[in-house]
Amino acid sequence: MERKYMYILEMAVPRGIRRGRLLIEVFGGIVRGQLEMFRNMTEIISGSCERGRIEFDGCMKTLGYTMKYHASGRITKRHAELEFDTEKGRFHASGEPDVLSELNLPRDEQNG
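Residues numbered from 1 in each chain as written. Predicted model: local features only at pLDDT ≥ 70, side-chain atom pairs only at ≥ 80, totals over all residues. Heavy atoms only, no water.

1. Quick word on the pairing of strand E8 (residues 89-97)
Right, on to step 1. Bridge count between strand E1 (residues 2-13) and E8: five bridges; the pairing is antiparallel. Opposite isoleucine 8, over in E8, you have glutamate 96 as the bridge partner.
Right, on to step 2. The sheet contact formed by strand E7 (residues 80-86) and E8 spans seven bridges and is antiparallel. The residue of E8 that forms the bridge with aspartate 85 is arginine 90.
Right, on to step 3. The antiparallel pairing of E7 with E8 creates a hairpin that spans two residues between the two strands. (Pairing = 2+ DSSP bridges. Helix = DSSP H or I, 4+ residues; strand = E, 2+ residues; numbered from the N terminus.)

Written as structure tokens, this is what we have:
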């Protein structure tokens, strides 16, 4: 069974709080999706999810550079708590459901 999660994220970085979005699709424990941070959308390269515990890898792009990350944490249909490990350090992000995106999903695709 495929599950979809959409969050509005807030990430604490050295220059303050940055807001973005996270779309996660979980199918058979395998994670795919997209991260929008620093006004750039990037694909999740690989990941896994089991019993609400999630891990995934990707790259974040800023105006000046691209950095790889490994994210880990917990997700539920109501909340996300993640740590992003990068070459620049570890950054905490928390998220709430993206209600506007959920309204556009057909009823059978929502995480009821």
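2. Some details on the packing of aromatic side chains
Right, on to step 1. Under the defined criterion, the tally for this structure stands at four aromatic pairs.
Right, on to step 2. Relative to tyrosine 69, the ring of phenylalanine 56 has its centre 6.0 Å away and its plane inclined at 90°; by these criteria the two rings are edge-to-face. Here phenylalanine 56, found in strand E5 (residues 53-61), pairs with tyrosine 69, found in strand E6 (residues 66-75); they are 13 residues apart in sequence, far enough to count as distant.
Right, on to step 3. The buried category is assigned to tyrosine 69, whose relative accessible area is 3%.
Right, on to step 4. An aromatic cluster is defined as three or more aromatic residues linked by ring pairs; in this entry it consists of Phe56, Tyr69 and Phe84.
Right, on to step 5. Its guanidinium or amino end placed over the ring of tyrosine 65, lysine 88 lies 4.8 Å from that ring's centre, counting from NZ or CZ. (Phe/Tyr/Trp six-rings, centres within 6.5 Å; stacked < 30°, edge-to-face > 60°. Buried < 20%, exposed > 50% of the residue type's maximum accessible area, 1.4 Å probe, protein only. Lys NZ or Arg CZ within 6 Å of the ring centre and 35° of its normal.)

3. Focus: the pairing of E1
Right, on to step 1. Pairing geometry for E1 and strand E2 (residues 16-27), over 12 bridges, is antiparallel. Note that in E2 the partner of glutamate 10 across the bridge is arginine 19.
Right, on to step 2. Between E1 and E2, which pair antiparallel one after the other, the connecting turn spans two residues.

So yeah, pure geometry; function would need other evidence.
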